[in-house]
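Chain by chain, the residues:
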Amino acid sequence: MNGWFLAMIIINVLNIGIALAKHGETKTEEYNVFTQLLGSAIGLTIIYMAIKTGF
């Protein structure tokens, strides 16, 4: 396992932790396509680097 894959695991665990902490709260902010695109680009880059360097 390399550092890129570990980074992806850590990001996913933190995302689940945030969802658990805010479970049941209402979401009042607006959706923004640019932040979603940025998050997807970061995630895909980390996955690409993990595959490129080998697990």
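All figures in this text were calculated on a predicted structure; none of them were measured in a lab.

In this section: the overall build of the chain. A count of helical and extended segments in the chain gives two helices and zero strands. For the chain, the C-alpha radius of gyration of 14 Å lies well beyond 10 Å, the compact-globule estimate for 55 residues. Expressed along its principal axes, the backbone C-alpha trace of the chain runs to roughly 40 × 25 × 10 Å. The proportion of buried residues among the 55 residues of the chain is 9%.

Relative to the 27 Å expected for 19 residues at 1.5 Å per residue, helix α1 (residues 3-21) spans 27 Å between its end C-alpha atoms, a close match to the ideal helical length. For α1, the N-terminal cap is asparagine 2; the gap from its side-chain oxygen to the backbone nitrogen of tryptophan 4 is 3.2 Å.

Turning to the pattern of salt bridges, a few remarks are in order. Under the definition given, this model contains one salt bridge. Ionic pairing is found between lysine 22 and glutamate 25, a salt bridge with its closest N-O pair at 3.9 Å. Here glutamate 25 falls in the exposed class, since its relative accessible area comes to 52%.

The contact between α1 and helix α2 (residues 33-53) brings their axes to 8 Å, and the two run at 145°. Of the residues in α2, those touching α1 at Trp4, Phe5, Met8 and Ile11 are Gly43, Ile46, Ile47, Met49, Ala50 and Thr53. Among the residues forming the contact of α1 with α2, the class breakdown is eight nonpolar, two polar and no charged.

Glancing now at a nonpolar patch on the surface. A surface patch of nonpolar side chains, amounting to about 450 Å² of accessible area, comprises Leu6, Ile9, Ile10, Val13 and Leu14. Summarising the element assignment, leucine 6 is placed in helix α1. Judged by relative accessible area, which is 40%, leucine 6 ranks as partly exposed.

Calculation notes
Residues numbered from 1 in each chain as written. Predicted model: local features only at pLDDT ≥ 70, side-chain atom pairs only at ≥ 80, totals over all residues. Heavy atoms only, no water. Helix = DSSP H or I, 4+ residues; strand = E, 2+ residues; numbered from the N terminus. Rg over C-alpha atoms; globule rule 2.2 N^0.38 Å. Buried < 20%, exposed > 50% of the residue type's maximum accessible area, 1.4 Å probe, protein only. Expected span 1.5 Å × (residues − 1). Polar contact = N/O pair within 3.5 Å; in protein donor to acceptor, adjacent residues only side chain to side chain. Salt bridge = Lys/Arg side-chain N within 4 Å of Asp/Glu carboxyl O. Axes fitted to C-alpha atoms, helices over the stretch in contact; angles between N-to-C directions. Contact = heavy atoms within 4.5 Å. Nonpolar A, V, L, I, M, F, W, Y, C, P; charged D, E, K, R; others polar. Patch = residues over 30% accessible without salt bridge, like charges linked within 9 Å, V, L, I, M, F, W, Y side chains within 5 Å. Areas by Shrake-Rupley, 256 points an atom, 1.4 Å probe, with all protein chains shown as cover.

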